[in-house]
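Survey of secondary and tertiary structure
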Amino acid sequence: MVPYQIIQHKRNGAELKTAELSAFFNGYSADEVPDYEMSALLMAIYFQGLSHDELWTLTDIMLRSGKRLEFADIAGRKVDKHSTGGVGDKISIILAPLVSSLGVTVPMISGRGLGHTGGTLDKLETIPGLRTDLTLDQFRAQVRKIGCAMIGQTAEIAPLDKRLYALRDVTATVESIPLIASSIMSKKIAEGIDALVLDIKRGSGAFLPDLERALELAQTMIAIGQFYNLEVVALLTAMDRPLGFAVGNALEMEESILVLRGEGPSDIRELTIVEAAEMLRLGGVAASVGEGRKLAGKALDDGSALEQMRRIIEAQSGNPAVLDDPALLPQASVQRVLHAPSNGYIQEVNALKVGQAAVRLGAGRGTLDARVDPGVGYHITAKPGQRIEKDEPLASVYASSADGAAHALAELFDAITIADEPPPRPLPLVSHRVTSAGVEEL
Ligand code: URA
């Protein structure tokens, strides 16, 4: 194999042979292909895309770079959910205990923050003592015992994807449909699940803002799923504004606890119920999505989802008292309030700008090995379309220094626009449902 020629072929739009892709990617796994050559190939794929055959091959190489779990000894279908990444998106934290409290097995392997988007693991780890680095044996044992575990991608699950994901993050090659689809699906197939709900974000804060590209991503992942006998339902959801009020790890954990208690912001509750309903139907616990909705709403209101969260936290060595007293979560030392500079209507709360500002505040990572500051972030109550009066509070900033708070306040001011006229309608929270049978507009 001559890496230079493979990069050149792809750059010129040729289809790579299975042997070429295997040699290049397995060579990278074995440290025989350096980062700079892999970066060049990823950029060529970013511009030229992948054919169906190339996409299957790449997904398979990533899947086979690690272990493939199986839970055949557990009765019933195993179901997971994955989001393509958003700002304020804490749905997985609520969904896993909710759906597993109703009898569907949820073996969940999640990621950390990527770019301007937050990650489930960073949020979960704000619970004092909670471990997400279980071994695969511990993961399997917990799933068998209580029906759910929430961990990070171990070295054994699609390790090649883990390396490529980190490289893509720093080489501007994240926003590629075949790269996103093969990355997500290789990890999900490795989990040993039977069905998957995908939350595909669109709008300014999504990796693929356009509707057409989001639909193409959904269809690509559904097609990969079919190849591996994994049933996939994809929902296209709004990321033109942050989800809920909280952006930042401990703040989002606190908001998740509120929703698990039957409270919390209505958009978070609604999206959780919509996704739970799909998972419950796929898991065979609900005969229809409508029945799934009812079951999910009840489990949030009667405390069953919260009790399952308590079991998960205890099993993963965390302090379950946070569920009764969220003040036990890490707290930022400085808080400032942003007031409306004028009367008017909230035109936009730009999710991308909020996400980027949160990363700079310390809620995300500027470099791969940077530590997140768990207590910092934003609590933004202003929503597009809302009428506001001058000096009304729009949001709060939580920071670890006065300087950080002042800077974060200025960035937030820039992300929120106010005008005299109401804005055009924001994107519907859930706009499309995509399955192997086709696209349904909701
Ligand atoms: N999430 C993933 O797991 N992979 C990507 O490439 C993008 C989002």
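Here's what I pulled together on the structure shown here. As the structure is a computational prediction, the values presented were derived from the model and not from experiment.

**Structural notes on the packing of aromatic side chains**
Applying the stated criterion across every chain yields a total of five aromatic pairs. With a centroid separation of 6.1 Å and 55° between ring planes, the pair formed by Phe 24 and Phe 25 is classed as tilted. Note on Phe 24: relative accessible area 0%, which makes it buried. The exposure class assigned to Phe 25 is buried, which follows from its relative accessible area of 1%. A ring pair is formed by Phe 71 and Phe 139, whose centres lie 6.4 Å apart and whose planes are at 70°; its orientation type is edge-to-face. Here Phe 139 lies in helix H7 (residues 136-146) and Phe 71 lies in the loop between helix H4 (52-64) and strand S1 (79-83), a separation of 68 residues in the sequence. There is no split in this pair, since Phe 71 and Phe 139 are both buried. Members of the aromatic cluster, joined through ring pairs, are Trp 56, Phe 227 and Tyr 228. In this structure, Arg 163 is placed above the aromatic ring of Tyr 28, and the distance from its NZ or CZ to the ring centre is 4.2 Å.

**Let's talk about the side chain of Lys 78**
With respect to the element layout, Lys 78 can be found in the loop between H4 and S1. In this structure, Lys 78 is buried with no salt-bridge partner, the nearest side chain bearing the opposite charge being Asp 194 at 4.2 Å. Within polar-contact distance, the side chain of Lys 78 engages the backbone oxygen of Ile 74 at 2.7 Å. Of the polar contacts made by the side chain of Lys 78, one reaches the backbone oxygen of Gly 76; its length is 2.6 Å. Those residues in contact with Lys 78 that sit more than four places away from it in its chain are Phe 71, Thr 105, Pro 107, Gly 192, Ile 193, Asp 194 and Ala 195.

**Quick look at the sheet that holds strand S8 (residues 344-349)**
Read from one edge of the open sheet, three strands run S10-S8-S12, paired in antiparallel fashion. The open sheet terminates on both sides in strands that have one partner only, identified here as strand S10 (387-388) and strand S12 (416-419). Along the sheet face, helix H16 (residues 402-415) touches S8 and S12 and points at about 45° away from the line of S12.

**Concerning the site of the ligand**
Surrounding the ligand, one finds His 82, Thr 84, Tyr 165, Arg 168, Ile 180, Ser 183, Ile 184 and Lys 187. Interatomic distance of 2.7 Å between a side-chain N/O atom of Ser 183 and a nitrogen atom of the ligand. One of the side-chain N or O atoms of Lys 187 is found 2.5 Å from an oxygen atom in the ligand. Element by element, the count of residues in the shell around the ligand is highest for helix H9 (residues 177-190), at four residues. Classifying every residue of the shell around the ligand gives three nonpolar, three polar and two charged.

**Considerations on the sheet that holds strand S7 (residues 334-339)**
Pairing within the open sheet is antiparallel, and its four strands lie in the order S6-S9-S11-S7. Bordering the open sheet on either side are strand S6 (246-247) and S7, each of which pairs with just one other strand. Sheet topology places S6 next to strand S9 (residues 377-380); two bridges connect them, and they run antiparallel. Each bridged residue has a counterpart across the sheet, and for Ala 246 the counterpart in S9 is His 379. Docked against the sheet, H16 engages S7, S9 and strand S11 (393-399), running at close to 25° with respect to S7.

**Focus on the pairing of S1**
The buried fraction of S1 amounts to five of the five residues, a majority that puts the element mostly inside the structure. Here S1 shows two buried faces, one formed by Val 79, Lys 81 and Ser 83 and the other by Asp 80 and His 82. Relative to strand S4 (residues 195-202), S1 runs parallel, the two sharing five bridges. Bridge assignment links Asp 80 to a residue of S4, and that residue is Leu 196.

**Comments concerning the pattern of salt bridges**
Counted under the stated rule, the structure contains 33 salt bridges. With a shortest N-O distance of 3.0 Å, Arg 293 and Glu 270 are connected by a salt bridge. Of this pair, Arg 293 sits in helix H13 (residues 289-301) while Glu 270 sits in helix H12 (residues 266-282), and the two are 23 residues apart along the sequence. The exposure class assigned to Arg 293 is partly exposed, which follows from its relative accessible area of 33%. For Glu 270, a relative accessible area of 30% corresponds to the partly exposed category.

Basis of the calculations
- Residues numbered from 1 in each chain as written.
- Predicted model: local features only at pLDDT ≥ 70, side-chain atom pairs only at ≥ 80, totals over all residues.
- Heavy atoms only, no water.
- Phe/Tyr/Trp six-rings, centres within 6.5 Å; stacked < 30°, edge-to-face > 60°.
- Buried < 20%, exposed > 50% of the residue type's maximum accessible area, 1.4 Å probe, protein only.
- Helix = DSSP H or I, 4+ residues; strand = E, 2+ residues; numbered from the N terminus.
- Lys NZ or Arg CZ within 6 Å of the ring centre and 35° of its normal.
- Lys, Arg positive; Asp, Glu negative; His and termini not counted.
- Salt bridge = Lys/Arg side-chain N within 4 Å of Asp/Glu carboxyl O.
- Polar contact = N/O pair within 3.5 Å; in protein donor to acceptor, adjacent residues only side chain to side chain.
- Contact = heavy atoms within 4.5 Å.
- Pairing = 2+ DSSP bridges.
- Axes fitted to C-alpha atoms, helices over the stretch in contact; angles between N-to-C directions.
- Near = heavy atom within 4 Å.
- Nonpolar A, V, L, I, M, F, W, Y, C, P; charged D, E, K, R; others polar.

Purely spatial values, then, with no claim about function.
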